[in-house]
Amino acid sequence: MISRTLGPEFGGAIGTLFFFANVVSSALCISACTEALVENFGPNGYLVGDSPGLPNGDWYRFLYRSVLNTIGLSVSLAGASLFARTSLAIWVTMVVCLASAFLSFFITTPAMIEKPETNTLTNATSFKYTGFSVNTFYENLYPKYGRDYSTNDGEMVDFASVFGVLFTGVTGVMAGANMSGELKSPSRSIPLGTLTALFFTALSYIALTFLTAATCSRDLLQNNYVYLLPINVWSPFIAVGMLTATFSAGLSNLIGASRVLEALAKDNIFGFILRPMVPRSGNPILAVIMSWFLVQIGIITGSLNAIAQVNSVLFITSYFAINLACLGLDLASAPNFRPTFKHFSWLTSLIGLVGCAALIFGLRPAYASAVALACCSLVVALHLLSPAASEPKWGSLSQALIFHQVRKYLLLLDPRREHVKFWRPQMLLLISSPRQAAPLIDFVNDQKKGGLFVVGHVRVGELDGSGDPLASEHKYWLKLIDHLKVKAFVELSLAESIRSGAAQLTRLAGLGAMKPDTVLLGFRDTATPKDFFRDPTSPYKTEQFDLDSGEIIFPARTSVSTRISASEYVRIITDVLSVKKNICLCRNFHTLDMAAVERRSSSLKYIDVWLVELLTPSREEAFSVRALFALQLAAVVRSARGWQHLRLRVHVVDATPLYADLYLAELDSMDSAVERSNPSLSPARPVHERLEVLLKLLRINATTHTVSEWPALDNFGQWSETSYDNGTTFSRIPQSYLQKVNQIIKSRCEDGAAVTFVQLPHPPKLAPHASDADEPVCEQYLQVLEDFTKDLSPTILVRGLKSVTSTAL
């Protein structure tokens, strides 16, 4: 019941403690039954007089407890229904015995009561029963603790030990829940029976307390724990009541412990360890035997009071968990939480929660700390090792509370109050097949730096009224996230085309102010796809996406002909830029070796950033918004765990600006994070000095490198937007220029660059509607990108639109 509310980890931990609470309570009740047996039928017992009676001694008492425990085992093996059928007769018997005790206070005259043979702490032989007396009541009104003569060394009694003994009277509050499987109507019988039993117990305890305080001297109460026997009108009434009450309570707890153990086994909390405890049908015989064995260990303890204190701590912990579950359900506003008890409220649960916590730590801080430590250790162990922790068949209160809080804070997260100082990457990675993109997914997980990471996938198709085609696939994407151990969300789209689905995800992925501002795409090239899930040398190898039927989940592309068309790919890029989101194209990430990156002794030592625009190389590009966006992404990657030992290198051209006035105008028009009024950033100064000042202002630890051998674009013509509009730009770029640029970047990559960030040229402007004329233009654009980045280390072509850096604290 707790597990299905708080989740298998917390519920399993509390269930385990509740199981041991029932075991300890059973041991306590059997020990109490033995005490009653010896006091009545032992040497000089109340019911045997001067006859020898049953032999007494530590080993004899252990024998009596074992016999009683074995009788309880026999009844439990016969089935809880046998105990249930006799419970009414047991209750009637105890009511008669209790009524005789109440009547005896009014009938019995004052007398001297002899001490029991088991009390060896005092030399006095008798103590006074005064009958109703105001003086006696006042003498007993305030606490004055004595020694416990039932212990070997006569330990001092305190409030905690008294409470532990009295508390056993209400530990049966969960007895009905333990036996819910044996009841015809648990939802009606358990509340009614529990509340009635508590009311009856409370009245009996209060009445017995006041009657005792008004008639029995303090010496009598401290030196004769069975004082009700000699003052009763007929002593066997009390003897029968003591034996019946304690034995039936011990039997009830033994049966309850076996049912809790059975529930833990059925719910697969401890996996194969408790699997034998699951019965094929009917009575859980092995669970009963295991519970009996643990009770047998518990009855070795000689002191009744010592067992009672452990028992009270374990039960209060269980009640604490029940109050916590009810409080959490109410606070989570779960629509399906509709308690039938009309007087339930979150306030009563909170009072119970605080009361249990205060009581358990106030009575026995050491015991309470030990139980709390055991509970926390079990929660952690079950979370890491329990098979049930990964099974979604139960609800978890933590998930309901998280949902409640996340919804509240998402509403408070106002996009109008965003500030560049607190920007963090919010990434949408669009992939076709995870089989060939596993390293890229792993890399983007490092790149997000605590931001939002959404893995998106587009399936071409449409709804046909027969159901959701993506429903069966979604669970495998969630398994993928677990397998790769990345912190990401999954968004799947069903659309008529890849472009349409990508546009949907670009615009709609996320919620509220938590929406991706950067879209990443794999590169469209002719490289043969690699199946990282089947490659025996791959760290991502797994067979969980290869079904027994032979079907392969996430099939990889098998040929060049199955690629997306060039025009559709380029239009996806232009769609992303048109909605003012940053774009990144990721190439060669199939060569990324994360193990080598994280290994300090490997040859990978750098993260390279090229602040150079391919078509208009200028030193002023290093200070534009799009260049600073690439620089920020590289700095974020370097701050991730496993990348921190790599050094950041920033490359810029060292040449007279070809179009300096154009770049300065662009910098002034954009919302740049760099203060243009800073004299240290004046265009008149050398570019490497200005860049070092900028890095210091941005608090980015990097080394600057100037490239003086960057080639000139001869006969290319001045850069202008018109070149992109007519689609002639990329056809006029000399092949020799691209090869030379590629060689320059490659020479630096060979020094040990793990990842390289370069600027993505603006895509050609295409007509609003797709046409056959788009394909050649887009092919030319992608060919330029392919030649530009050929044989480089894992490369990200970045085009940023937003200012994401700040020089202010």
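As the structure is a prediction and not an experimental result, all values here were calculated from the model.

A. Layout of helix H3 (residues 58–78). Look at H3: 30 Å from first C-alpha to last across 21 residues, which is about the 30 Å you get at 1.5 Å a residue. Listing the buried residues of H3 in full gives Arg61, Tyr64, Arg65, Ser66, Leu68, Asn69, Gly72, Leu73, Val75 and Ser76. Just downstream of H3, Gly79 is the residue with a positive phi angle, here 120 degrees.

B. Region of interest: the pattern of salt bridges. Going through the model one piece at a time under the given rule, you end up with 20 salt bridges. Where Glu613 meets Arg626, a salt bridge forms, and the shortest distance between an N and an O atom there is 3.4 Å. Of this pair, Glu613 sits in the loop between strand S8 (606–610) and helix H22 (625–639) while Arg626 sits in helix H22, and the two are 13 residues apart along the sequence. The salt bridge involving Glu613 is made with Arg799; its shortest N-O contact spans 3.8 Å. One end of the pair, Glu613, is in the loop between S8 and H22; the other, Arg799, is in strand S12 (residues 795–799), and 186 residues separate them in sequence. Taken individually, Glu613 and Arg799 each receive the classification buried, so the pair is uniform in this respect.

C. Structural view of the pairing of strand S7 (residues 582–587). With 6 of its 6 residues buried, S7 lies for the most part within the structure. The side-chain alternation of S7 yields two buried faces, one formed by Asn582, Cys584 and Cys586 and the other by Ile583, Leu585 and Arg587. Note that strand S6 (residues 518–522) and S7 share 5 bridges and pair parallel. Its bridge partner being in S7, Val519 is matched across the sheet by Ile583. Across 5 bridges, the pairing between S7 and S12 is antiparallel. Its bridge partner lying in S12, Cys586 is registered against Ile796.

D. Region of the structure containing the sheet that holds strand S4 (residues 453–460). The mixed open sheet is built from 10 strands, whose spatial order is S5-S4-S3-S6-S7-S12-S11-S8-S9-S10. Each edge of the open sheet carries a strand with a single partner, namely strand S5 (489–495) and strand S10 (703–707). For this sheet the average axis-to-axis angle between neighbouring strands, irrespective of direction, equals 25 degrees. As paired elements, strand S9 (residues 647–653) and S10 share 5 bridges and run parallel to each other. Across the sheet, Val652 pairs through a bridge with Thr706, a residue of S10. Taken strand by strand, helix H24 (residues 687–697) contacts S9 and S10, and its axis lies near 155 degrees from that of S10.

Thresholds applied
Residues numbered from 1 in each chain as written. Predicted model: local features only at pLDDT ≥ 70, side-chain atom pairs only at ≥ 80, totals over all residues. Heavy atoms only, no water. Helix = DSSP H or I, 4+ residues; strand = E, 2+ residues; numbered from the N terminus. Expected span 1.5 Å × (residues − 1). Buried < 20%, exposed > 50% of the residue type's maximum accessible area, 1.4 Å probe, protein only. Salt bridge = Lys/Arg side-chain N within 4 Å of Asp/Glu carboxyl O. Pairing = 2+ DSSP bridges. Axes fitted to C-alpha atoms, helices over the stretch in contact; angles between N-to-C directions. Contact = heavy atoms within 4.5 Å.

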